[in-house]
Amino acid sequence: MTKTTTSRPASTDVDVLIIGAGISGIGAASHLTTLRPGTSFVILEGRDGIGGTWDLFRYPGIRSDSDMPTFGYGFKPWTHRKSIADGQLILDYLRQTVAEHGLARHIRFGHRVVSAEFSSATGRWTVTTQQPGSRKKARFTARFLFLGTGMYDHDAGFTPEFTGIEEFAGTVIHPQHWPADLDYTGKRVIVIGSGATAVTLIPSMARTAGHVTMLQRSPSYVFSLPAHDAVAHALRKLVGHRRAHRIVRRKNIMVTRGVYKASRRMPKLMRRLLIAQVRRQLPRHFDVDTHFTPRYDPWDQRLCVVPDGDLFKAISAGRASVVTDHIDRFTKTGIRLKSGQELTGDVVVTATGLTMAPFGKIRLSVDGRETKPSETMAYKAMMLSGVPNLVFALGYTNLSWTLKVDLVCEHFCRLLDHMDAHGHATVEPVLDDPTVARVPYMDLSSNYVLRGIRDFPRAGTSGPWTVEMAYERDVERLREGSVEDAALRFTAGGPVPSGSRPRPEATR
């Protein structure tokens, strides 16, 4: 997409400022365009292209780890035959969404948001942006702020301290910073890690590398799914894309939620089933107990999806192998393990995790007082206590991210309708229930979560302060539930945006 300029003064003051042109920001803009066609908005994007995660990560084989009928938007059917899709297909889908909703003219590239300040006196946000590699700044003002920034630090992934890494004569790279000119043809590759990134990289690299070794401290649950959904394909032929999309979306939500609930209620049974599936796809002599039997219960961490069992096929064909051990140190030619074994490699990929960062590391303040996300409570997992006129989108950890984004965006539009219908200028969640305890926003035991969750808003133990990683509950709360709530404080006054068009159900 062509980079747009930022010199038009008419677009620096809007009803809604959307931060991030990834899947969340594009979703928010699409909902506003459809449900509130008179609402003015601008999308601020720090990079030079849309897509967020799908534009940032360029490592081999990058793909979704959720099925696309649910990872795609509810309003735009996923029509490609692949259900577990490559990153480029996802980018194409997002570009189509931008084109279909006329969003390109609203996007301002090269604007990295550094601060956002809310003034109660004016009822507006002032957002300061900076161009990458420059001291040049710009300012935008808006009635509402929508944060579609995701939950990862786009500047740097996580790499542990490895003794002797400077002695290694080969190439060390993190997947988040993949060099475009890296040629690993015929080379010995060591991938450190056992998560979603590692199981994606290994079968892709194994096609041309001399050999790929997955080096892990401990195993993860790895679950094979068909890359192509035969049911979806048949339904599209029978009833068309749009009707098939609704049916397949419901089917996939039910199946995924069923697996999750079974894993929480019957962890021993699900553990046996998941590991049995792995055994069936690997040679009889393969040591599944050591390399694919995790120490934790299913869904204590996300399940790693491998389409068509491609990881197991690479291992079975001898193009890839798995070593479960701890690293002692790097050497000139590879990695020495604590068992004494030494792995020789030309390229080492540190698929050791991502770094979590709340709300794009934007400095938030209200009436001159800094607001740290960790000191706030999440209201309906979409607003922050004590912060007026701000909505954020953080997707599910146990289901497709975009399912939650769609619900948040729908509720956001209903909230704006309600405020316009009643002449409200601001809305602020206020926690005044002393019985609500503070708990982490998410309860996964993954290392990246344990490292970073302390910086995120806290969840509550009851009422609208809970963070529901359950689609059916969020449908009740966000799509069907009332906008009015005892925990919301509305203020009157200030002009209603001239383009706002509340719908009849605005007061529901």
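### Some remarks on the packing of helix α1 (residues 23-35) against helix α11 (residues 401-422)
Then comes step 1: Here α1 crosses α11 at 40°, and the two axes come no closer than 9 Å. The angle between α1 and α11 falls in the class oblique. Pair α1 / α11 crosses with right-handed handedness. Listed contacts from α11 to Ile23, Ser24, Gly27, Ala28, His31, Leu32 and Leu35 of α1 are Trp401, Thr402, Val405, Asp406, Cys409, Glu410, Phe412, Cys413 and Leu416.
Then comes step 2: Here the residues of the contact of α1 with α11 are counted per class, giving 10 nonpolar, 4 polar and 2 charged.

### Concerning the state of the cysteines
Then comes step 1: Under the criterion given, the structure shown has 0 disulfides.
Then comes step 2: Not engaged in a disulfide, the cysteine Cys409 finds its nearest cysteine sulfur in Cys413; these two sulfurs lie 7.0 Å apart.

### Focus: a positive patch on the surface
Then comes step 1: A cluster of basic residues, Arg242, Arg243, Arg246 and Arg250, forms a positive patch at the surface.
Then comes step 2: In this fold, Arg242 is placed in helix α7 (residues 241-265).

### Looking at helix α6 (residues 230-239)
Then comes step 1: Of the positions making up α6, those classed as buried are Ala232, Leu235 and Arg236. All buried residues of α6 lie within an arc of 105° about the axis, which places them on one face of the element. Along α6, exposed side chains directed more than 90 degrees from the buried face belong to Ala230, Lys237 and Leu238.
Then comes step 2: Elements in contact with the buried residues of α6: α7.
Then comes step 3: Positive phi appears at Gly240, one or two residues downstream of α6, with a value of about 90°.

### Topic: the nonpolar core
Nonpolar side chains in soluble globular proteins tend to be buried together.
Then comes step 1: Core analysis: the largest hydrophobic core is formed by 133 residues, its most contacted members being Leu145, Phe146, Phe292 and Tyr441.
Then comes step 2: The dominant element in this core, judged by the number of residues it contributes, is α11, at 11 residues.
Then comes step 3: In this view, Phe146 contacts Val16, Leu17, Ile18, Ile19, Ser24, Ala28, Val391, Ala393, Val408, Cys409 and Phe412; residues no more than four positions away in its chain are not counted.
Then comes step 4: Counting residues in each nonpolar core, the second largest holds 11 residues, with Val323, Phe330, Ile335 and Val348 among its members.

### What about the pairing of strand β2 (residues 41-44)?
Then comes step 1: Judged by which residues are buried, β2 turns out to be covered on both faces: Phe41 and Ile43 on one side and Val42 and Leu44 on the other are all buried.
Then comes step 2: In the sheet, strand β1 (residues 13-19) pairs with β2 via 4 bridges, with the strands oriented parallel. The partner of Val16 across the bridge, within β2, is Phe41.
Then comes step 3: Tracing the backbone out of β1, into α1 and back to the parallel element β2 gives a crossover that is right-handed.
Then comes step 4: Two elements, β2 and strand β3 (residues 107-108), share 2 bridges in a ladder whose sense is parallel. Along β3, the bridge assignment pairs Leu44 with Arg108.

### Re empty space enclosed by the protein
Then comes step 1: Tallied over the full model, the rule gives 1 cavity of 30 Å³ or more.
Then comes step 2: Of the volumes computed, that of the largest cavity is approximately 50 Å³.
Then comes step 3: Top contributing element to the lining of the largest cavity by residue count: α7, with 4 residues.
Then comes step 4: Among the residues forming the lining of the largest cavity, the class breakdown is 4 nonpolar, 2 polar and 1 charged.

### Things to note about the sheet that holds strand β13 (residues 327-330)
Then comes step 1: Taken together, the 3 strands give an open sheet; going across it, the order is β13-β14-β15, and neighbouring strands pair in antiparallel fashion. Across the chains shown, the open sheet's two edge strands, defined by having one partner strand only, are β13 and β15 (342-344). Each adjacent strand pair in this sheet contributes to an overall mean axis angle of 25°, direction not counted.
Then comes step 2: The pairing of β13 with strand β14 (residues 334-337) spans 3 bridges and is antiparallel. Note on β14: the bridge partner recorded for Phe330 is Ile335.

### Some details on the layout of surface pockets
Where empty space is left becomes clear once a probe the size of a water molecule has been rolled over the atoms.
Then comes step 1: Put simply, the second largest pocket is a space of about 540 Å³.
Then comes step 2: Along the walls of the second largest pocket sit 26 residues, with Asp67, Phe223, Leu225, Val255 and Thr256 positioned nearest its centre.
Then comes step 3: Elements with a contribution of two residues or more to the lining of the second largest pocket: β10 (222-225) and α7.
Then comes step 4: Element by element, the count of residues in the lining of the second largest pocket is highest for α7, at 6 residues.
Then comes step 5: Taken together, the residues of the lining of the second largest pocket sort by class into 13 nonpolar, 8 polar and 5 charged.

### What to know about the environment of Thr426
Then comes step 1: For Thr426, the location among the structural elements is in strand β22 (residues 424-429).
Then comes step 2: Residues Thr426 and Gly123, 303 residues apart in the sequence, show an inter-C-alpha distance of 6.5 Å.
Then comes step 3: Every residue in contact with Thr426, bar those within four places of it in the chain, is listed here: Phe118, Gly123, Asn389, Met419, Arg489, Phe490 and Thr491.
Then comes step 4: Here the side chain of Thr426 touches Thr491 through a polar contact of 2.4 Å, side chain to side chain.

### Topic: helix α4 (residues 87-100)
Then comes step 1: Its 14 residues give α4 an end-to-end C-alpha distance of 20 Å, which sits within 8% of 20 Å, the value for a rise of 1.5 Å per residue.
Then comes step 2: Among the residues of α4, those classed as buried are Gly87, Leu89, Ile90, Leu91, Tyr93, Leu94, Thr97 and Val98.
Then comes step 3: Tucked inside the fold, the buried residues of α4 contact α1, α2 (53-56), α3 (68-71) and β3.
Then comes step 4: Where α4 ends, the next residue or the one after it, Gly102, has phi of about 60°, a positive value.

### Examining the confidence of the model for the protein chain
Then comes step 1: Residue-level pLDDT values for the protein chain average 92, and 95% of them are 70 or greater.
Then comes step 2: Low pLDDT (under 50) marks residues 1-10, which in the prediction has 19 contacts with non-local residues, meaning those over four places away or in another chain.

### Thoughts on the packing of aromatic side chains
Then comes step 1: Scanning the model with the defined rule gives 18 aromatic pairs in all.
Then comes step 2: Pairing Phe359 with Phe392 gives two aromatic rings, centres 5.2 Å apart and planes at 55°, and the pair type is tilted. With Phe359 in the loop between β16 (347-350) and β17 (363-366) and Phe392 in strand β21 (residues 390-392), the pair connects residues that are 33 residues apart, well separated along the chain. In terms of burial, Phe359 and Phe392 fall into one category: buried.
Then comes step 3: Counting every residue linked through ring pairs, the aromatic cluster contains Tyr73, Phe75, Trp78 and Tyr93.
Then comes step 4: Against the face of Phe158 rests Arg451, its NZ or CZ located 3.5 Å from the ring centre.

Reading guide: rules and limits
- Residues numbered from 1 in each chain as written.
- Predicted model: local features only at pLDDT ≥ 70, side-chain atom pairs only at ≥ 80, totals over all residues.
- Heavy atoms only, no water.
- Axes fitted to C-alpha atoms, helices over the stretch in contact; angles between N-to-C directions.
- Helix = DSSP H or I, 4+ residues; strand = E, 2+ residues; numbered from the N terminus.
- Parallel < 35°, antiparallel > 145°, perpendicular 65-115°, else oblique.
- Left-handed = near helix turned anticlockwise from the far one by under 90°.
- Contact = heavy atoms within 4.5 Å.
- Nonpolar A, V, L, I, M, F, W, Y, C, P; charged D, E, K, R; others polar.
- Disulfide = S-S within 2.5 Å.
- Patch = residues over 30% accessible without salt bridge, like charges linked within 9 Å, V, L, I, M, F, W, Y side chains within 5 Å.
- Areas by Shrake-Rupley, 256 points an atom, 1.4 Å probe, with all protein chains shown as cover.
- Salt bridge = Lys/Arg side-chain N within 4 Å of Asp/Glu carboxyl O.
- Lys, Arg positive; Asp, Glu negative; His and termini not counted.
- Charge placed at Lys NZ, Arg CZ, Asp CG, Glu CD.
- Buried < 20%, exposed > 50% of the residue type's maximum accessible area, 1.4 Å probe, protein only.
- Arc of directions from axis to C-beta.
- Core = buried A, V, L, I, M, F, W, Y, C linked by side-chain atoms within 4.5 Å.
- Pairing = 2+ DSSP bridges.
- Right-handed = clockwise from strand over helix to strand, strands pointing away.
- 1 Å grid on protein atoms, 1.4 Å probe; cavity = no way out; pocket = protein on both sides within 12 Å on 5 of 7 lines; lining within 4 Å.
- Points joined across faces, edges and corners; volume = space filled by probe spheres on them.
- Polar contact = N/O pair within 3.5 Å; in protein donor to acceptor, adjacent residues only side chain to side chain.
- Expected span 1.5 Å × (residues − 1).
- pLDDT = per-residue confidence, 0-100.
- Phe/Tyr/Trp six-rings, centres within 6.5 Å; stacked < 30°, edge-to-face > 60°.
- Lys NZ or Arg CZ within 6 Å of the ring centre and 35° of its normal.

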